[in-house]
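# A structural walkthrough
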Amino acid sequence: RNDMLKAFKRLKVKNTFLLTYDDFKGTKWRGKQCKKLKFPYEYLDNLMDTKIVLSPWGWGTWCIRDFEALICGCIVIKPVCTNTLTYPDIYDPNKQFFVWTDVLWNTLENSVDYCLSNLDEFQPRVLEARKFLLSLDQKHSQLFRRMLQH
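Summarised in this report is the structure supplied together with it.

The rules we used
Residues numbered from 1 in each chain as written. Predicted model: local features only at pLDDT ≥ 70, side-chain atom pairs only at ≥ 80, totals over all residues. Heavy atoms only, no water. Core = buried A, V, L, I, M, F, W, Y, C linked by side-chain atoms within 4.5 Å. Buried < 20%, exposed > 50% of the residue type's maximum accessible area, 1.4 Å probe, protein only. Helix = DSSP H or I, 4+ residues; strand = E, 2+ residues; numbered from the N terminus. Contact = heavy atoms within 4.5 Å. Right-handed = clockwise from strand over helix to strand, strands pointing away. Pairing = 2+ DSSP bridges. Axes fitted to C-alpha atoms, helices over the stretch in contact; angles between N-to-C directions. Parallel < 35°, antiparallel > 145°, perpendicular 65-115°, else oblique. Nonpolar A, V, L, I, M, F, W, Y, C, P; charged D, E, K, R; others polar. Phe/Tyr/Trp six-rings, centres within 6.5 Å; stacked < 30°, edge-to-face > 60°.

### A closer look at the nonpolar core
Residues Leu47, Leu70, Ile90, Phe97, Phe98 and Leu133 are the most contacted members of the largest nonpolar core, which totals 21 residues. Secondary-structure elements contributing two or more residues to this core are helix H2 (41-48), helix H3 (64-71) and helix H5 (119-134). Setting aside its immediate chain neighbours within four residues, leucine 47 contacts Val53, Glu68, Ala69, Cys72 and Cys74. Met4, Ile75, Trp105 and Leu108 belong to the second-largest nonpolar core, a separate cluster that totals 16 residues.

### Let's talk about the pairing of strand S4 (residues 75-79)
Burial runs high along S4: 5 of the 5 residues are buried. Alternating residues of S4 divide into Ile75, Ile77 and Pro79 and Val76 and Lys78, and every residue in both groups is buried. Crossover handedness for the path strand S3 (residues 52-54) to H3 to S4: right-handed. Of the pairings in the sheet, the one linking S4 to strand S5 (residues 98-101) comprises 4 bridges and is parallel in character. Across the sheet, the residue bridging to valine 76 is phenylalanine 98, located in S5.

### Points about the packing of H3 against H5
At a minimum axis distance of 8 Å, the contact between H3 and H5 shows a crossing angle of 110°. As far as their axial angle goes, H5 and H3 are roughly perpendicular. Listed contacts from H5 to Phe67, Leu70 and Ile71 of H3 are Ala129, Arg130, Leu133 and Leu134. Of the residues assigned to the contact of H3 with H5, the class counts are 6 nonpolar, no polar and 1 charged.

### Topic: the packing of aromatic side chains
Inspection of the entire model under this criterion finds 6 aromatic pairs. Judged by centre distance (6.5 Å) and plane angle (45°), the rings of tyrosine 91 and tryptophan 100 are tilted. With a relative accessible area of 0%, tyrosine 91 lands in the buried category. Classification of tryptophan 100 by relative accessible area gives partly exposed; the value is 25%. For the ring pair phenylalanine 97 and phenylalanine 132, a centre distance of 5.5 Å and an interplane angle of 45° mean the geometry is tilted. Linking phenylalanine 97 in the loop between S4 and S5 with phenylalanine 132 in helix H5, this pair joins segments that are 35 residues apart in sequence. By relative accessible area, phenylalanine 97 is classed as buried at 8%. Three or more aromatic residues link up through ring pairs in this structure, and these residues are Tyr91, Phe98 and Trp100.

### Structural notes on unusual backbone geometry
Proline 88 follows tyrosine 87 through a cis peptide bond whose omega is -5°. Of note, proline 88 is situated in the loop between S4 and S5. Unusually for a residue other than glycine, glutamine 96 sits at a positive phi of about 55°. When you line up the elements, glutamine 96 lands in the loop between S4 and S5. What makes glutamine 96 partly exposed here is its relative accessible area of 46%.

Okay, here's the thing in C-alpha cells:
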C-alpha cells in the first residue's frame, strides 16, 4: 500500500484524487483530515464519475473495491493477482477486466498514461466487466444492482 501511495504521488496527470470512505468521525491520514464519503451514496457517485481506480491488495490479494469499481464502470489498476480464485472470477486473465501493474507499483505511471491515452480501447472491457457482474446469479446480481440504484 505504501508503494502505491509513493507511485501515486509521482503521477503527472491533471486530476488526481485519493478518495476514501469510512464510518469514523475525525479520521486522519498523516495528521490531516481525510475527505469522508458516505457509503454507499457519495462513494458510489464518485466511483461512477471516475475513470481509473487504483486498487492495492486488501487483507489478501482481492479487495471489495475491485468489485465496486468494476460495477461502477471504472478501469481498475491493480498488482497482478491472476492466481486468486474468487466467485465471481473477476481475476481471470482471459477476461481482461484489470490493468495489471507490478507488486511495487513501478509501472503505475506508464499504466495510467496508457489508459488515459486509450480510453476507447478500455470502454468495451469496462462495459463487459459491468455486464458480467450484473448477469450473475440472482443473489449476487441483486446486491450489485442495489449498489447502483441507491
